[in-house]
Amino acid sequence: MSGTITFVTTASPAPMGMQVYEEEVIARAPGVLGADVVTRRAVLRSLRSPLPGTHRVPAWVLRDAPTAVRRAAGALLYRGSDVVHRMSLAHPPAPGPEVVTVHDTVAWRFDDEASPEPHAAAETRRAAAVVAPSQFSADDVAERLGLERVIAIPNGVDGRFFDAVPLDAAGLAGIGVRGRFVLNAGGSARRKNLDALAAAWPAVRSAHPDVSLVLCGPESERRHRLFDPLEGTVQTGRLPDALLPGLVAAAEVVVVPSLHEGFGLPVLEAMAAGTTVVAADRTALPEVVGDAGILVEPDAGGIADGLVHALDGTGVDVLRRAGRARAERFTWDASAAAHGEVWRAVLAGREPR
C-alpha cells in the first residue's frame, strides 16, 4: 500500500485540547503508516494571522461559501493527496477520499461556543470516515449530523504526567499557590460549569478552611467575576506547559465539573499523575473516569459533596492507584495505531472497521 496523506490543521498559538490531539497523532503517523505512505501537513491560517503555517486562507469567506467554492479551495490546497484527514470541520473539504475528526457537538448546544459549521452535515456524510474521541461523542455526533457511523478512537495522555514530580512549596509560591489545593484547569465557557463550582466552593472551604481552589487557564472576565469574591481562590492565568504536570501532581484533587465534554483530557492527565479526580457524571467523562474517580451530579451540592469527600481522604489512595492503572490504557501510540487502521482502509478504498 502506498500513497500520500495530507493532515489539515489550523495554526494555533499554544496547544490545548484539540491541538494536543492533532500534534500527538500526526507526529506518529509516519511510524504507523510506514515508508510507502507519504505524510504531509497543511496548516491553515487567516490572511492576517502572525502564526506560522503553510497556507493562508480567507476563512470567513470560505465558511459561508457555496459547496462548489469550498471544494475548489480544497482541491487547490490539498493537490497531490490521495487521502486528506481534516481535523476540523472549518477546513475546506477534499475533492477525493477524506477522514474528518469531529470532537463534539458543543457548537450546536452552547451559544457561547463557536458557531456551528454550516456545511458540517453534508460534508461529513460524504467523508470516507468520521472519527470522534469517545463512544459518547461518536454517538452524539452521528445523531446530530445524521451519520450512519462515527468511529470512536480515544485520546491518549502525555507520558510526562506519569512521571510528574509535584511542584515544591517554592515552585507553587511562584504562581501564588500555598498549602493544599483543588485544581481546575481549562477554559471558562458555559459548558465548563464554573457557575456550579463557584456555588459549591463556600461549602468546601467551610469544611476544609486550609484548602484553596486554584483556577488555571486563559484570562477570563467570567472566571474573575465568579471567583474573585470567594475566599480561598487563586487564579494563575495560563501557565507554561512545562509547569502543568507538576501542578497537577501537587494538587489534592482535580475537579472537572463540565456539563459537556467530547473526551476530557484534564481528567486523564490527573489520573496519570496519581491525583484524585472529581468529575461530572455527564457525557464522555464517565467513559474516561470509569471507577477510578468520584463522579458527581454537576450542581453545587453534588460538586461540594464530591470535593469534601475527596479532601477527607477516605479511600483516595485506592482511587489514585486505580486512576494511574486506568490512565495507562490511554496512550497516544494506541490512538495513532487505531487512526492508522482507518487511514490504511481509506487509502485502499475499503470501509474502515
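Predicted, not measured: the structure shown is a model, and the values here were computed from it.

Undergrad: Whenever I open this one, the sheet that holds strand 4 (residues 83–86) confuses me. Can you help?
TA: By definition, the strands of a sheet pair up through backbone hydrogen bonds, in either a parallel or an antiparallel sense. If you walk across this open sheet you meet the seven strands as 3-2-1-4-5-6-7, and the pairing is parallel. Two strands close off the open sheet at either side, each with one partner strand: strand 3 (55–56) and strand 7 (151–152). Pairing of strand 2 (residues 37–45) with strand 3 involves two bridges; the strand directions are parallel. When the sheet's bridge partners are listed, L44 is paired in strand 3 with H55.

Undergrad: In this structure, what is going on with the nonpolar core? I would like to understand it.
TA: Generally speaking, soluble globular proteins have nonpolar side chains that are buried together. Membership of the largest hydrophobic core comes to 38 residues, with the highest contact counts inside it found for F181, L183, L247, V267, L268 and M271. For this core, the element with the most residues is helix 11 (residues 265–272), which contributes six residues. Among all residues touching L183, those that are not within four sequence positions of it are V214, C216, L247, V248, A251, V253, V254 and V255. By size, the runner-up hydrophobic cluster in this structure holds 25 residues, among which are A196, L197, A200 and V204.

Undergrad: I tried to follow the UniProt feature "domain: Glycosyltransferase subfamily 4-like N-terminal" (unreviewed entry) in the chain on my own but got confused; where do I start?
TA: Those places that UniProt annotates as "domain: Glycosyltransferase subfamily 4-like N-terminal" (unreviewed entry) correspond, in this numbering, to residues 38–158. When the span residues 38–158 is considered, its composition is 31% helix and 20% strand, and the gap between its end C-alpha atoms is 26 Å.

Undergrad: What should I look at first to understand the packing of helix 8 (residues 194–207) against helix 13 (residues 300–312) in this one?
TA: Each pair of packed helices gets described by two things: the angle between the helix axes and the distance between those axes. It is the contact of helix 8 with helix 13, at a shortest axis distance of 8 Å, that shows an interaxial angle of 40°. As summarised for this structure, helix 8 and helix 13 are arranged oblique, according to the angle between their axes. Classified by chirality, the crossing of helix 13 by helix 8 is right-handed. Each of A196, L197, A199, A200, A203, V204 and A207 in helix 8 lies in contact with helix 13, whose residues at this interface are A300, I303, A304, L307, V308 and L311.

Undergrad: Would you explain the packing of helix 11 against helix 14 (residues 316–327) in this entry?
TA: Running from N to C, helix 11 and helix 14 point in directions that differ by 115°, and their axes come no closer than 7 Å. Viewed along their axes, helix 11 and helix 14 form a crossing whose handedness is left-handed. Within the contact between the two elements, helix 11 uses L268, M271 and A272 and helix 14 uses G323, R324, R326 and A327. Partitioned by chemical class, the residues of the contact of helix 11 with helix 14 number four nonpolar, one polar and two charged.

About the criteria used
- Residues numbered from 1 in each chain as written.
- Predicted model: local features only at pLDDT ≥ 70, side-chain atom pairs only at ≥ 80, totals over all residues.
- Heavy atoms only, no water.
- Pairing = 2+ DSSP bridges.
- Helix = DSSP H or I, 4+ residues; strand = E, 2+ residues; numbered from the N terminus.
- Core = buried A, V, L, I, M, F, W, Y, C linked by side-chain atoms within 4.5 Å.
- Buried < 20%, exposed > 50% of the residue type's maximum accessible area, 1.4 Å probe, protein only.
- Contact = heavy atoms within 4.5 Å.
- UniProt positions renumbered as here; feature names shortened; annotations may be inferred.
- Axes fitted to C-alpha atoms, helices over the stretch in contact; angles between N-to-C directions.
- Parallel < 35°, antiparallel > 145°, perpendicular 65-115°, else oblique.
- Left-handed = near helix turned anticlockwise from the far one by under 90°.
- Nonpolar A, V, L, I, M, F, W, Y, C, P; charged D, E, K, R; others polar.

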